[in-house]
Amino acid sequence: MSYSNNIIFGPIPSRRFGISLGIDLSPSKKQCNFDCLYCELEKAKTVDTMTTYPSVEEVIAEVKASFVKHPKIDVITITANGEPTLYPDLERLVDELNKIKKDAKTLILSNGSTIYDENIYKALLKIDTVKLSLDCVSEKCFKKLDRIHNGIDIEKIIDYMIRFSQETKNILVLEVLFVKTLNDKDEEIKALYEAIKKIKPHRVDIGTIDRPPAYNVKPVSFETLEKIAETFEGINVNIAFKNRPKLQSSFSEEEIKNMLKRRPLTQEDINNMFDEDSKKLLEKLVLNQIVSLVDSSGLNFYKIL
Ligand code: SF4
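Residues numbered from 1 in each chain as written. Predicted model: local features only at pLDDT ≥ 70, side-chain atom pairs only at ≥ 80, totals over all residues.

## Here we look at the environment of Thr77
In step 1: Tracing the backbone shows Thr77 in strand β3 (residues 75-79).
In step 2: Assessed through the 23 C-beta atoms surrounding it within 10 Å, Thr77 is described here as buried.
In step 3: Taking the C-alpha atoms as reference, Thr77 lies 20 Å from Asn238; in sequence the two are 161 residues apart.
In step 4: Discounting chain neighbours no more than four positions away, the residues touching Thr77 are Ser20, Leu21, Gly22, Ile23, Leu107 and Leu109. (Helix = DSSP H or I, 4+ residues; strand = E, 2+ residues; numbered from the N terminus. Buried ≥ 20, exposed ≤ 12 C-beta atoms within 10 Å, placed from the backbone. Contact = placed C-beta atoms within 7 Å.)

Structure, rendered in structure tokens:
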């Protein structure tokens, strides 16, 4: 079977990473070891490995052809119609991509569940940015929300995320997707925060459902995400929310410092929360080197020094 027409998508401009070329390692059907309630793809029976997939040679030939047509690619994003780490030849694929990527970076978007497979772990260490999901910490929540394949061990996932974060020389980003009445309960949020503190990722993206989900579940509100971000004290939290409300208010220098001590804020947070005078005060704090602007995998955070 030839997959050549649908392995590659883009390149498309991405706000965070520049020009992104996408690779779909499962172009013919959904192959995932989760069946998340919020999945944007159709419901599907879980699997623990891909059975139909393009060869490494086919993928590399397509990436090379894209580089000829679009020499200015900033990031090669490894994804799948499902879970990309179920691709049986992941490490060899990453090795081959690293040989041809020139100045581009590699990025993988994974549900994180395979990190304790030593071969996948080794492949992930060779990718420039690894973005892993972690929606729940309690097994009950994990099973209910992500509807995982039998035998997946959440405690082991977290242990290996901690180990990976210590070992990688690259960027680790975590993503948590919140769903109403499922993982938005206080005890789950607290447990997530404890796990995130141990994992120490560069950044945590928190968001909610914004496209029609596979099952009948509801998103949480922007206010809930803001409250969660407040709970994740000291962590680089990026709130991803379409059409977030603008609530520009006035803050004193002291208030700004206290807010940033609690948690770093993104440029988008500032644009939504700060009025013009507060933005000027923040600029002054940056000029006086009390606050710095720190890049975390394409996103700038204002942090207290
Ligand atoms: S891990 Fe991703 S692809 Fe798999 S079911 Fe969940 S949302 Fe869908």
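## A few points about the environment of Glu254
In step 1: Along the polypeptide, Glu254 turns up in helix α8 (residues 253-262).
In step 2: The exposure class assigned to Glu254 is exposed, which follows from the 9 C-beta atoms found within 10 Å.
In step 3: Considered as a pair, Glu254 and Ala195 are 59 residues apart in the sequence and their alpha carbons are 31 Å apart.

## Focus on the pairing of strand β7 (residues 203-208)
Strand residues, when the strand is regular, have side chains that alternate between the two faces of the sheet.
In step 1: The element β7 is extensively covered by neighbouring structure, given that five of its six residues are classed as buried.
In step 2: Of the strand pairs in this sheet, strand β6 (residues 171-178) and β7 are connected by six bridges, and their pairing is parallel. Following the sheet pairing, Val176 is matched in β7 by Ile206.
In step 3: Tracing the backbone out of β6, into helix α6 (residues 186-199) and back to the parallel element β7 gives a crossover that is right-handed.
In step 4: Two elements, β7 and strand β8 (residues 237-240), share four bridges in a ladder whose sense is parallel. In the sheet register, Val204 faces β8, and the bridge partner there is Val237. (Pairing = 2+ DSSP bridges. Right-handed = clockwise from strand over helix to strand, strands pointing away.)

## Here's the deal with the environment of Ile100
In step 1: With respect to the helices and strands, the residue Ile100 is situated in helix α2 (residues 90-100).
In step 2: Ile100 sits 121 residues away from Ser221 along the chain, and the two C-alpha atoms are 43 Å apart.
In step 3: Leave out the neighbours within four places in its chain, and Ile100 touches Ile60, Val63 and Lys64.

## With respect to the sheet that holds strand β2 (residues 18-24)
In step 1: Ordered by their spatial adjacency, eight strands build an open sheet running β1-β2-β3-β4-β5-β6-β7-β8, and the pairing between neighbours is mixed. Where the open sheet ends on each side, the last strands, each with one partner, are β1 (8-14) and β8. Each strand of the sheet is rotated relative to its neighbour by a mean of 20 degrees, with strand direction disregarded.
In step 2: Pairing of β2 with β3 involves five bridges; the strand directions are parallel. By the bridge assignment, Leu21 is partnered in β3 with Ile76. (Axes fitted to C-alpha atoms, helices over the stretch in contact; angles between N-to-C directions.)

## What to know about α6
Residues three or four positions apart in an α-helix share a direction because the helix packs 3.6 residues into each turn.
In step 1: Spanning 14 residues, α6 covers 20 Å between terminal C-alpha atoms, matching the ideal 20 Å at 1.5 Å per step.
In step 2: Those residues of α6 that fall on the buried side of the exposure criterion are Glu188, Leu192, Ile196 and Ile199. In an axial view of α6, the angular spread of the buried residues amounts to 70 degrees, which keeps them on one side of the axis. Counted as exposed and oriented over 90 degrees from the buried face of α6: Asp186, Glu187, Lys190, Glu194, Lys197 and Lys198. (Expected span 1.5 Å × (residues − 1). Arc of directions from axis to C-beta.)

## Here we look at the sheet that holds strand β10 (residues 291-296)
Each strand in a sheet pairs with its neighbour through backbone hydrogen bonds, running either in the same direction (parallel) or in the opposite one (antiparallel).
In step 1: The strand order across the open sheet built from three strands is β9-β11-β10, with neighbouring strands paired in antiparallel fashion. In this open sheet, the two edge strands, each paired with only one partner strand, are β9 (265-266) and β10.
In step 2: Two elements, β9 and strand β11 (residues 299-304), share two bridges in a ladder whose sense is antiparallel. Across the sheet, residue Thr266 finds its bridge partner in β11, namely Phe301.
In step 3: In the packing of helix α10 (residues 276-287) onto the sheet, contacts are made with β10 and β11, and the angle to β10 comes to roughly 90 degrees.

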